[in-house]
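# Coordinates in review
Listed here are the chains, written in short residue letters.
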Amino acid sequence: MSEIIKVGLVGAGGIARAHAAACAQVEGVELVAIADISPESAQRLGAEFGVAACYADVASMLDANALDIAVICTWGVFHAPVGIELARSGRVRAILCEKPFTQSADEARGLVDAAAEHGVLIAEAFKFRHHPMHLKAQALLEVGAIGRLLNVRSTFCTSVPDASRRPELNWRFNRQQGGGSIYDLACYNIHHARAAFGEEPERVFAAQIPGVEVDDAAFISLVFSGGRTAQISVGFNAWTAQYAELVGDEGSLHIEQAWNNENQAVRLLQRGHSGEVVHEFAPTFQFALQLQHMCECLREGRAHRIPPQHSIDQMRVLDAVKESMGTGRAVGLG
């Protein structure tokens, strides 16, 4: 049996429950501590998953526990300061930080630098990157199965009723807590397009539909080298959609349920000159696959599938999207 990987959660909201469930599913992992500014929230989550060590702040958790992995599940505005505190503590070997990684590229650089300075592995929690379907799609791209990739089209729309899109009800609609459709939703699509093309966009243009405090929806164009593009549509207000389509000069790949597909069967449709191939994938829990990869990186000393620099560059693109939404102009990323 390999060493037991000890995990601590910072934040006890909805996403923390998914990470706690992953700890329960991955062999050789133990969830040992939970910290949240609301002690009651930490204790409720702890009771659900059999964790007695619950704390009202990160410092107390680290004083009492040496962790192999700390998972940051707080509101986005706290990712950078919490991550830096974890990295500098000397009590954590690795940090898994929920998306969006930070609120800006400058914050991302500061967090990555702190982790590197203290020898801490850090990675951004994009669960879909570990799903066999997305790994298969990436492998097909890399062997030229659809020729040269020309265009990526994707959506992430969640159809939240008007009355529920209020800043006091959920962080997603609260400016001070790091909400907005681009930070909660479009981060998936942007990361996906960048990974598919294997490079950074040269220009960004974005328009928004404003909500009470943040963008309720966004329409984003990314221009890559050679005039190749990604078109992205996201929104809390639009009818539910989560498809991704990758089009090359010799074929295409289509995913109908690209992001939130926990424990459900999914399909990847590959089309080309020889017809259509359907790749089918059994139900899986992406959070568990994500945690398993992090554990393998720790145990085997291998690089993570999502390098820290990729997360800095991700925030550069999100910064440009935010600027374009505010100015109405295209933003260069050269």
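Structure shown above.
Let me begin by describing the structure that accompanies this report. (Residues numbered from 1 in each chain as written. Predicted model: local features only at pLDDT ≥ 70, side-chain atom pairs only at ≥ 80, totals over all residues. Heavy atoms only, no water.)

### Some details on unusual backbone geometry
The linkage connecting K99 with the following residue, P100, adopts the cis geometry, with an omega of -10°. Within the secondary structure layout, P100 lies in the loop between β5 (92-98) and α5 (105-117). Even without a glycine there, the phi angle at S159 is positive, about 55°. Structurally, the position occupied by S159 is in the loop between β7 (149-157) and α7 (181-197). (Helix = DSSP H or I, 4+ residues; strand = E, 2+ residues; numbered from the N terminus.)

### Side note on the pairing of strand β1 (residues 5-10)
Successive side chains on a regular strand alternate, one facing one side of the sheet and the next facing the other. Counted residue by residue, β1 has 5 buried out of 6 residues, so it is predominantly covered. Crossover handedness for the path β1 to helix α1 (residues 14-25) to strand β2 (residues 29-35): right-handed. Looking at chain direction, β1 and strand β4 (residues 67-72) are connected through 4 bridges and run parallel. Paired with L9 across the bridge in β4 is V71. (Buried < 20%, exposed > 50% of the residue type's maximum accessible area, 1.4 Å probe, protein only. Right-handed = clockwise from strand over helix to strand, strands pointing away. Pairing = 2+ DSSP bridges.)

### Considerations on the packing of aromatic side chains
Following the criterion strictly, the structure yields 11 aromatic pairs and no others. Ring plane angle 25° and centroid distance 6.2 Å describe the contact between W75 and F78, whose orientation is recorded as stacked. Look at W75 and you get partly exposed, because its relative accessible area is 36%. F78 gets classed as partly exposed once you look at its relative accessible area, which sits at 39%. Plain terms: the ring middles of Y188 and W259 are 6.1 Å apart, the flat faces sit at 50° to each other, and that makes the pair tilted. (Phe/Tyr/Trp six-rings, centres within 6.5 Å; stacked < 30°, edge-to-face > 60°.)

### Some words on the sheet that holds strand β14 (residues 275-281)
With mixed pairing, the 9 strands of this open sheet are ordered in space as β14-β13-β12-β11-β7-β10-β9-β8-β15. Among the strands making up the open sheet, the edge pair consists of β14 and β15 (331-332). Two strands pair when backbone bridges link them, and strand β8 (residues 203-210) and strand β9 (residues 215-223) are joined in this way by 8 bridges, in the antiparallel orientation. Counterpart to F205 in the pairing with β9 is S221. Docked against the sheet, helix α6 (residues 132-142) engages β7, β11 (244-248), β12 (251-255), β13 (266-272) and β14, running at close to 15° with respect to β13. Here α7 sits on the sheet in contact with β7, β9, β10 (229-235) and β11, set at roughly 160° to β7. (Contact = heavy atoms within 4.5 Å. Axes fitted to C-alpha atoms, helices over the stretch in contact; angles between N-to-C directions.)

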